[in-house]
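Structural overview
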Amino acid sequence: MKIAHLTSEKGWRGGERQLYLLITELQKKGIENILICNPGSEIDNRLQDTGIPHHHLTMNNPLNPV
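This text gives an overview of the structure that appears in the document.

The rules we used
Residues numbered from 1 in each chain as written. Predicted model: local features only at pLDDT ≥ 70, side-chain atom pairs only at ≥ 80, totals over all residues. Heavy atoms only, no water. Buried < 20%, exposed > 50% of the residue type's maximum accessible area, 1.4 Å probe, protein only. Helix = DSSP H or I, 4+ residues; strand = E, 2+ residues; numbered from the N terminus. Pairing = 2+ DSSP bridges. Right-handed = clockwise from strand over helix to strand, strands pointing away. Phe/Tyr/Trp six-rings, centres within 6.5 Å; stacked < 30°, edge-to-face > 60°. Lys NZ or Arg CZ within 6 Å of the ring centre and 35° of its normal. Salt bridge = Lys/Arg side-chain N within 4 Å of Asp/Glu carboxyl O.

**Here's the deal with the pairing of strand E2 (residues 32-37)**
- Across the two faces of E2 the burial differs, with Asn-33, Leu-35 and Cys-37 buried and Glu-32, Ile-34 and Ile-36 not buried at all.
- The pairing of strand E1 (residues 2-6) with E2 spans 5 bridges and is classified as parallel. Of the residues in E2, the one forming a bridge with Ala-4 is Ile-34.
- Once you follow E1 into helix H1 (residues 14-28) and on to E2, the crossover reads as right-handed.
- The pairing of E2 with strand E3 (residues 54-56) spans 3 bridges and is classified as parallel. Across the sheet, Ile-36 pairs through a bridge with His-55, a residue of E3.
- As a crossover connection, the stretch from E2 through helix H2 (residues 42-47) into E3 is right-handed.

**Some words on the packing of aromatic side chains**
- On inspection of all chains with the given rule, the structure shows 1 aromatic pair.
- Look at Trp-12 and Tyr-20: their rings are 5.9 Å apart centre to centre, the planes differ by 70°, and that puts the pair in the edge-to-face class.
- Sitting over the ring of Trp-12, Arg-46 keeps its end group 3.8 Å from the ring centre.

**Structural notes on the pattern of salt bridges**
- By the definition in use, this model includes 2 salt bridges.
- A salt bridge links Lys-28 to Glu-25; its shortest N-O distance comes to 3.0 Å. Residue Lys-28 and its partner Glu-25 are both found in helix H1; the two are separated by 3 residues, about one turn of the helix.
- Between Glu-42 and Arg-46 there is a salt bridge whose closest N-O contact spans 2.9 Å. In this pair, Glu-42 and Arg-46 both sit in helix H2, 4 residues apart, roughly one turn of the helix.
- Classification of Glu-42 by relative accessible area gives partly exposed; the value is 26%.

Dropping the structure here:
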């Protein structure tokens, strides 16, 4: 199973912490996760050393990520 997660947040608050914990725990259970996030965001920085793939997509407006 593969799960793609998308976040447009750049900071670190409750939702980002919850997403980080969800991704890392699912990964431990053998579920493949991919995170799409803003480059340089806090969750991007925290996932650097985990080996969990994450891709960058600059999102200035969270309602229009293109």
